[in-house]
Amino acid sequence: MLKGKKKALAAQVLLGLMVAGNMYAVDCGVASAAEGADIEIGEQVGWWIGKDTVVSDNEKLKSELVTDNAIKEKSINLKCGGESFTLLNADVVENNIIQIGNEEKYSDPQEYWGDIKIVDSANSSGNVLEVYRTKNTGSAKFILGAKDTAIVKGLSAKHSFQAGTIKIEGSDLELGDVDAYSAAGEESLVEIAGKGVSADKTLTQKLKISANGFTNDDLSKLNLDEGVTDDAKKCNKIIVDGNDVNFEGQEFWKSFDVTGDNFKVGNIHSYIGNDVVSIAGNNANMGNIELAGTSSTLNVSGNGAQLGNVSGSGASSVNISGNNVTVGDITTAAPVAAATKAASGNNIVISGNGTKTGALKTGTLEITGNGTLEADDVENVDSIVINSTATGNVFKATNGMSAGKLDAEASKTNETTALFSNDYAASYDATSGYIKNTRTQSIREQSKSYVETQMAALAMVASGADLLANAGFTNAAQAVQDAKDSGESGRSMVPYAAANYGSMRQESGSHVDVKGSNFNIGFAKEVKNGSGKLLFGPMFEYGRGNYDSYLDDGTTGSGTAQNYGVGIMARQNNTNGCYYEGSVRYGKVTSDYSSSNVWAGHDVSYDNSAKYWGAHVGVGKLQKLGGDNAIDLYGKLFYTRQGASSVNVDGDTLDFSAVNSKRSRIGFRYIHGTSKVRSVYAGLAWQYEFDGAAHATANGFSTPSPSVKGSSGMLELGVLIAPKASPVSFDLGVSGWTGKQKGYSLNANMCWSF
């Protein structure tokens, strides 16, 4: 239990939360959180609201409803009946929800008579009246503003409604007048979502049919435009959103916007200027369509439509993008002179495949998209432009076709994909009567960006080979020596590890920046022989990095690459200072790619994987120079093969050929011992890549090929620290590169002996 100040504080907090969330109710002045966010109007007004009463002025309700002479965002549950009253009156009434007869709120339906002004304000908008049910007696007209909505879910008596938008959701409803009136710059709307709805009058500029299976009989019960003589107030557009709406045989002097499937209707006449008749539903079956208004348009985007003749005047247009559309004769206007046709707007645009029409009469006939067309007669077509990406026979006319009608220059078009550039050109074949479209395909220069990923993956694998040939052998030898120094010479294999991090640019005709780490972990054993000592053992390698690729035209790509594999290594150290070494490695490399500008307006990405194997051999001589100085002269050959693979690039297959790297490296390292446990070194090397080219093909075309073939020079500086009492030794160094491989790498190689 809370007592004293704590209880008062808790009550204040609860009250604050209730007010902040608008959680209050008005019924006998008692607040109840159980009633939700509603303001309930009932007992405060005596359960019956008399004539000319303004409910929002009621002293018991005004403080809850009105703030600064505005009623905004309230949820109101009207639990009482009444006659000719006003519910909400204020300077501003906005975004309120008013419910009548909600069975979940109370059980008894109420009776209503006369004109009931749900909203009475010069600044009314966004208010919604929801009527769930009423008593079976009464005759009222519920009135809202032109920017408000009335939703009728159920009625037992015949009531009328007036609002900017009226939606009839209930079925088998009998209504009085349904009067949707418009605000300035807007159009009124009545939506019929239920079946079996009848009305004395339905007055609206737009009628929306959302119910499925709506018929002529259903429409006749609405008495649409009953008693209206002013054309400006008549319904000018019917929106068909429901499926299987059947107005077959019915003729309309209205525009249509059809999104439902299987719509049927007789002839329609659209007389509004700048009107758009839209057929987006599939399998529409319509009679003749007249576009009588200036600059009117017919858009057919649904598939399988069957239309009668289409006629238009005053710069009208017809656009057919649905597939398998059949139309009768199409006339957009009388033919116009060639000099003015571009500005006339009289055109027919076909972008759907398999379109069939009767005779055409227009300024410009354009076939675009993936469109194909068969027409009866084009004698009265000024010009034909083919911008279709369909190939082969894209157009044929039974009569009136000649080579002069085809605007061959305007019929040249280009389409790009992630990989290809497609040039289309149309020509007229007088023998067959067809206009044929041909495609010339080429690989895009930007496709080189996809192949640069191969360079990044190869760089990671090659970096692993360099780590093994350098720090791998050094750390393995140091681990064996540390084991001998600790008296464990009897162990057959000694574990070792080496790691590095590098940042390098690969000059590939463009360039790729690769940053990543490599790890080499293995076991080593050293045995004596007649010439010296043989160091050998198995190992595991792993590398991971990220890359950014750049083409000269500004195209960029990025991604990651990683490899993992196993191998064996061996090195013979002779007593005269000469040594011979080699390794064989096998593994898998994976990579990914993404770019937002390789194909304008599209994001392109792919994932890839391939097997790899590699080997290296080397010879050298460690020559002591006296004191604590020595020089290491060496020559090495590296071979890496990254296997072939394929990726999907936006629906097209890109095949990568195997990539071969063949590198030679000769150089020296000067070593100076500064103490028994530390030495410093400096070195120079020259490297030459004999191959290092990546190739790819798509649909028989070869992409531009990046290559790192060529010379690189390397300067290295570092320090070796091998404390005898510690299991860890360090090789810390920096390498600078120039040439095909340029940049620098910072190396921090460590040897752990376990």
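Residues numbered from 1 in each chain as written. Predicted model: local features only at pLDDT ≥ 70, side-chain atom pairs only at ≥ 80, totals over all residues. Heavy atoms only, no water.

**Student:** Pulling in residues and values, what's your account of the sheet that holds strand 38 (residues 413–416)?
**Tutor:** Reading across the sheet, the six strands line up as 33-35-37-40-39-38 and stay open at both edges, with mixed pairing between neighbours. Of all strands in the sheet, those with a lone pairing partner are strand 33 (355–356) and strand 38, marking the two edges. Direction of pairing for strand 37 (residues 392–399) relative to strand 40 (residues 434–443): antiparallel, over a ladder of four bridges. Note on strand 40: the bridge partner recorded for Phe-395 is Ile-435. (Pairing = 2+ DSSP bridges. Helix = DSSP H or I, 4+ residues; strand = E, 2+ residues; numbered from the N terminus.)

**Student:** An account of the pairing of strand 4 (residues 75–78) is needed here, citing residue identities and associated values.
**Tutor:** Burial along strand 4 is two-sided: the face carrying Ser-75 and Asn-77 and the face carrying Ile-76 and Leu-78 are both buried. Pairing of strand 1 (residues 38–41) with strand 4, which is carried by four bridges, proceeds in the parallel orientation. Among the inter-strand pairings, Asp-38 is bridged to a residue of strand 4, identified as Ser-75. By the bridge criterion, four bridges tie strand 4 to strand 8 (residues 97–100) in an arrangement that is parallel. When the bridges of strand 8 are listed, Ile-76 appears paired with Ile-98. (Buried < 20%, exposed > 50% of the residue type's maximum accessible area, 1.4 Å probe, protein only.)

**Student:** Report on the side chain of Asn-563, specifying residues and quantitative values.
**Tutor:** Considering the arrangement of structural elements, one finds Asn-563 in strand 44 (residues 556–574). A polar atom in the side chain of Asn-563 sits 3.3 Å from the side chain of Tyr-612. Those residues in contact with Asn-563, other than ones at most four positions away along the chain, are Met-460, Val-461, Asn-518, Glu-541, Tyr-542, Gly-543, Lys-588, Val-589 and Tyr-612. (Polar contact = N/O pair within 3.5 Å; in protein donor to acceptor, adjacent residues only side chain to side chain. Contact = heavy atoms within 4.5 Å.)

**Student:** Requested: an account of the pairing of strand 20 (residues 237–240), with residues and values cited.
**Tutor:** What you see with strand 20 is no split at all: Lys-237 and Ile-239 on one side and Ile-238 and Val-240 on the other are buried throughout. Two elements, strand 19 (residues 206–209) and strand 20, share four bridges in a ladder whose sense is parallel. Bridged to Leu-207 within strand 20 is Ile-238. With four bridges connecting them, strand 20 and strand 22 (residues 255–258) associate as parallel partners. Along strand 22, the bridge assignment pairs Lys-237 with Ser-255.

**Student:** If you had to explain the packing of aromatic side chains to someone new, which residues and values would you point to?
**Tutor:** For the coordinates displayed, the defined rule picks out 15 aromatic pairs. Each ring, one from Phe-214 and one from Phe-247, has its centre 6.4 Å from the other, and the planes form 80°; the classification is edge-to-face. Here Phe-247 lies in strand 21 (residues 246–247) and Phe-214 lies in the loop between strand 19 and helix 3 (216–220), a separation of 33 residues in the sequence. Considered together, Phe-214 and Phe-247 belong to a single accessibility category, that of buried residues. Centre to centre, the rings of Phe-519 and Tyr-542 are 6.5 Å apart; their planes meet at 25°, and the pair counts as stacked. With Phe-519 in strand 42 (residues 511–528) and Tyr-542 in strand 43 (residues 532–550), the pair connects residues that are 23 residues apart, well separated along the chain. Exposure remark for Tyr-542: the relative accessible area of 25% places this residue in the partly exposed category. Chaining the aromatic ring pairs together yields one cluster made of Phe-214, Phe-247, Phe-252, Phe-256 and Phe-263. Just above the ring of Tyr-579 sits the side chain of Arg-571; from NZ or CZ to the centre is 3.9 Å. (Phe/Tyr/Trp six-rings, centres within 6.5 Å; stacked < 30°, edge-to-face > 60°. Lys NZ or Arg CZ within 6 Å of the ring centre and 35° of its normal.)

**Student:** Go over a nonpolar patch on the surface with me, naming the residues and quoting the values.
**Tutor:** Among the surface-exposed residues, Leu-625, Leu-633, Phe-668, Tyr-670, Leu-684, Leu-715, Leu-717, Val-734, Tyr-744 and Leu-746 lie close enough to one another that they form a single nonpolar patch of about 900 Å² accessible area. Sorting the residues of the nonpolar patch by element identifies strand 50 (659–673), strand 54 (710–721) and strand 56 (741–752) as the ones contributing at least two each. (Patch = residues over 30% accessible without salt bridge, like charges linked within 9 Å, V, L, I, M, F, W, Y side chains within 5 Å. Areas by Shrake-Rupley, 256 points an atom, 1.4 Å probe, with all protein chains shown as cover. Salt bridge = Lys/Arg side-chain N within 4 Å of Asp/Glu carboxyl O.)

**Student:** Please give an account of the pattern of salt bridges that cites residues and values.
**Tutor:** Inspection of the entire model under this criterion finds 21 salt bridges. Of the charged contacts in the structure, one is a salt bridge between Lys-167 and Glu-169, with a shortest N-O distance of 3.5 Å. By relative accessible area, which is 25% here, Lys-167 ends up partly exposed. Arg-663 is the partner of Asp-466 in a salt bridge, and the nearest nitrogen-oxygen pair spans 3.1 Å. With Asp-466 in helix 5 (residues 448–485) and Arg-663 in strand 50, this pair connects stretches of sequence that are 197 residues apart. Look at the salt bridges and you will find they share partners, linking Lys-153, Lys-167 and Glu-169 into a network.

**Student:** Please give an account of unusual backbone geometry that cites residues and values.
**Tutor:** A positive phi angle is found at Asp-225, which is not glycine, with a value near 65°. With respect to the secondary-structure elements, Asp-225 resides in the loop between helix 3 and strand 20. By relative accessible area, which is 13% here, Asp-225 ends up buried. Located in the positive-phi region is Ser-295, a residue other than glycine, with phi close to 55°. Note that Ser-295 resides in the loop between strand 27 (289–291) and strand 28 (297–300). Ser-295 gets classed as partly exposed once you look at its relative accessible area, which sits at 30%.

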